[in-house]
Amino acid sequence: QVQLVESGGGLVQAGGSLRLSCAASGRTGSVYAMGWFRQAPGKDREFVAGINWSSENTYYTNSVKGRFTISRDNAKNTVFLQMNNLKPEDTAVYYCAARNGREWYVAAHDRWDYWGQGTQVAVSS
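These notes cover the structure that comes with them. Quick caveat, the model's predicted, so the values are computed rather than measured. (Residues numbered from 1 in each chain as written. Predicted model: local features only at pLDDT ≥ 70, side-chain atom pairs only at ≥ 80, totals over all residues. Heavy atoms only, no water.)

**Brief notes about the sheet that holds strand β8 (residues 78-83)**
- Spatially, the four strands line up as an open sheet ordered β1-β3-β8-β7, and their pairing is antiparallel. The sheet is open, and its two edges are formed by β1 (2-7) and β7 (68-73), each paired on a single side. Between one strand axis and the next, the sheet turns through 15 degrees on average, direction left out of account. (Pairing = 2+ DSSP bridges. Helix = DSSP H or I, 4+ residues; strand = E, 2+ residues; numbered from the N terminus. Axes fitted to C-alpha atoms, helices over the stretch in contact; angles between N-to-C directions.)

**Topic: unusual backbone geometry**
- The backbone of S55 shows a phi angle near 70 degrees, a positive value even though the residue is not glycine.
- Assignment of secondary structure puts S55 in the loop between β5 (46-51) and β6 (58-60).
- Under the relative-accessibility criterion, S55 is labelled partly exposed at 33%.
- Unlike most non-glycine residues, N85 shows phi in positive territory, near 50 degrees.
- Along the polypeptide, N85 turns up in the loop between β8 and β9 (92-99). (Buried < 20%, exposed > 50% of the residue type's maximum accessible area, 1.4 Å probe, protein only.)

**Things to note about the environment of T69**
- Mapping T69 onto the fold places it in strand β7.
- A sequence separation of 20 residues divides T69 from A49, and the C-alpha atoms of the two residues are 8.1 Å apart.

**Notes on the state of the cysteines**
- For the structure shown, the criterion picks out one disulfide.
- Across a sulfur-sulfur distance of 2.1 Å, C22 and C96 are joined as a disulfide pair. When the S-S torsion is -80 degrees, as for the bridge of C22 with C96, the disulfide is left-handed. With C22 in strand β3 (residues 18-26) and C96 in strand β9, the pair connects residues that are 74 residues apart, well separated along the chain.
- You can call C22 buried: its relative accessible area is 0%. (Disulfide = S-S within 2.5 Å.)

Set out below in structure tokens:
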């Protein structure tokens, strides 16, 4: 099993920045792709960004392109989500996810194998 623990959420004004971190532990050798999802109240869980094991390939949903950056440090088993120019519509619970498969662009949340507990991001206007 793999355990994921997120940190870095909080309340920020529109235009501000936050950096989310997700530390993996356990059988991390089985994990290849990692990613971030978010879920706003009353909405479906949305795939925000994904990254492959080598960091050569990334994916972003259209609404965050140019504002969010996903990265990872395999030596520390950690994935990051740098969020700049935040907007009120970015308000959601953000979840870290990992999968045993190599594909980093998989939007279907049932194809991700491991999940963190979530961290709240709130952006005020």
